[in-house]
Amino acid sequence: MSHHLRLVSFKLCPYVQRSVIVLNYCKIPYDIDYIDIMNPPDWFKALSPLGKVPIVQVDHERVIFESAVIMELVSELNPPLLHPHDPIDKAYNRAWIEYSGAMLGTQYELMTTPDEAVFTKALSTLKEQMGWVEQQMHATPFFNGESLNLIDAAYAPLFMRLAVLSKHYDLQAFAHTPKVKAWAEHLLALEAVKTSVVADFEPLFYQMLHNRKSYVAQFVPA
Ligand SMILES: N[C@@H](CCC(=O)N[C@@H](CS)C(=O)NCC(=O)O)C(=O)O
């Protein structure tokens, strides 16, 4: 039985992007509503218990929140589940998906802080975190080997933002993590990833950096 899925999105949100990658990859149809997360409408506040995107409303009724949960739901609607089968491997993937959320937090600070010292500290934390991920890289071209799993979708938005920023400012984010670098390049070349953001993602992203008067804004186009 197919379900109606309504995704509520903010165009720049990396957690929404995770959900879109899996929806695209699984070729599951869905409706999408965009909101401005800085100024959310009342109907959204009434639906989202944490006030965060993404949420997915199923069959005009129940609301599912948290991107890692949404990714699993979408994948389970179109089996097989894009996770390893073995319980330990699956838990290990879930743990490192959670870790990518922490990395997105570091990346958010790096992108939005107006303060150069905070930026430098965040960049060094991000590189440390990247080092942890490098140690988990035992397969190619995807995290678990031959095919895309949820963990790949979880990390791709982080890699996309680093790639966009690195066009204008050499972050050296992958200087000591060649395996993560190769993984990132492979993910960013995928159709499901390329089509997971709006066409004007880059100008909107730059505009957000300028609006926030962030340290990195000085390096990106106006
Ligand atoms: N753990 C959440 C994080 C989602 C999240 O932080 N979304 C941001 C936008 S990118 C948001 O809605 N922020 C609004 C707020 O925290 O008030 C998930 O994985 O879905």
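Here the structure is a predicted model, which is why all the values come from computation and not from measurement.

Thresholds applied
- Residues numbered from 1 in each chain as written.
- Predicted model: local features only at pLDDT ≥ 70, side-chain atom pairs only at ≥ 80, totals over all residues.
- Heavy atoms only, no water.
- Buried < 20%, exposed > 50% of the residue type's maximum accessible area, 1.4 Å probe, protein only.
- Helix = DSSP H or I, 4+ residues; strand = E, 2+ residues; numbered from the N terminus.
- Arc of directions from axis to C-beta.
- Contact = heavy atoms within 4.5 Å.
- Salt bridge = Lys/Arg side-chain N within 4 Å of Asp/Glu carboxyl O.
- Domains from an automatic or database assignment.
- Buried area = accessible area lost by both parts, 1.4 Å probe.
- Phe/Tyr/Trp six-rings, centres within 6.5 Å; stacked < 30°, edge-to-face > 60°.

Trainee: Lay out helix α9 (residues 201-211) with the relevant residues and their values.
Mentor: Restricting attention to buried positions, one finds in α9 the residues Phe201, Phe205, Tyr206, Met208 and Leu209. Buried residues of α9, viewed axially, fall in a sector of 155°; they line one side. In this structure, the buried residues of α9 make contact with α4 (87-112) and α6 (150-166).

Trainee: Give me the environment of Pro157: which residues, what numbers.
Mentor: If you trace the backbone, Pro157 turns up in helix α6. Pro157 sits in the buried class, given a relative accessible area of 0%. For the pair Pro157 and Leu104, spaced 53 residues apart in the sequence, the C-alpha separation amounts to 8.5 Å. Apart from the residues within four sequence positions on either side, Pro157 is in contact with Pro14, Gln17, Arg18, Ile21 and Gln107.

Trainee: Could you give me a rundown of the side chain of Glu72, with the residues and numbers involved?
Mentor: By the element assignment, Glu72 lies in helix α3 (residues 67-77). Those residues in contact with Glu72 that sit more than four places away from it in its chain are Leu81, His83, Arg94 and Leu150.

Trainee: Run through the pattern of salt bridges, naming residues and quoting values.
Mentor: Tallied over the full model, the rule gives five salt bridges. Its salt-bridge partner being Glu72, residue Arg94 comes within 2.7 Å of it at the nearest N-O pair. You can see Arg94 sitting in helix α4 and its partner Glu72 sitting in helix α3, a full 22 residues away along the chain. The exposure class of Glu72 is buried, given its relative accessible area of 18%. Note that Glu202 and Lys167 form a salt bridge whose closest N and O atoms lie 2.9 Å from each other. Of this pair, Glu202 sits in helix α9 while Lys167 sits in the loop between α6 and α7 (178-188); the two residues are 35 residues apart in sequence, bridging distant segments of the chain. Lys167 sits in the exposed class, given a relative accessible area of 52%.

Trainee: Residue-level account of the domain arrangement of the protein chain, with values.
Mentor: Each domain of the protein chain was delimited in the assignment, giving domain 1 (5-77) and domain 2 (87-219). Taking the mean C-alpha position of each, domain 1 and domain 2 sit 20 Å from one another. At the junction of the two partners, domain 1 supplies 18 residues and domain 2 supplies 25 residues. Taking both partners together, domain 1 and domain 2 bury about 1,900 Å²; carbon and sulfur atoms supply 68% of that area. Considering only the side of domain 1, the residues that lose the most area to domain 2 are Leu12, Gln17 and Ile21, jointly responsible for 34% of the buried surface there.

Trainee: Tell me about the packing of aromatic side chains, and name the residues and values.
Mentor: Under the counting rule described, the total for this entry stands at 15 aromatic pairs. Ring geometry for Tyr92 versus Phe143: centroids 6.2 Å apart, planes at 35°, classification tilted. Taken as a pair, Tyr92 in helix α4 and Phe143 in the loop between α5 (116-134) and α6 lie far apart in primary sequence, 51 residues in all. Here Phe143 falls in the buried class, since its relative accessible area comes to 5%. With centroids separated by 5.3 Å and ring planes inclined at 75°, the aromatic side chains of Phe159 and Trp183 adopt a geometry described as edge-to-face. Of this pair, Phe159 sits in helix α6 while Trp183 is found in helix α7, placing the two residues 24 residues apart along the sequence. Given a relative accessible area of 1%, Phe159 falls into the buried group. A residue is classified by how much of its surface remains accessible, and Trp183, at 1% relative accessible area, is buried.

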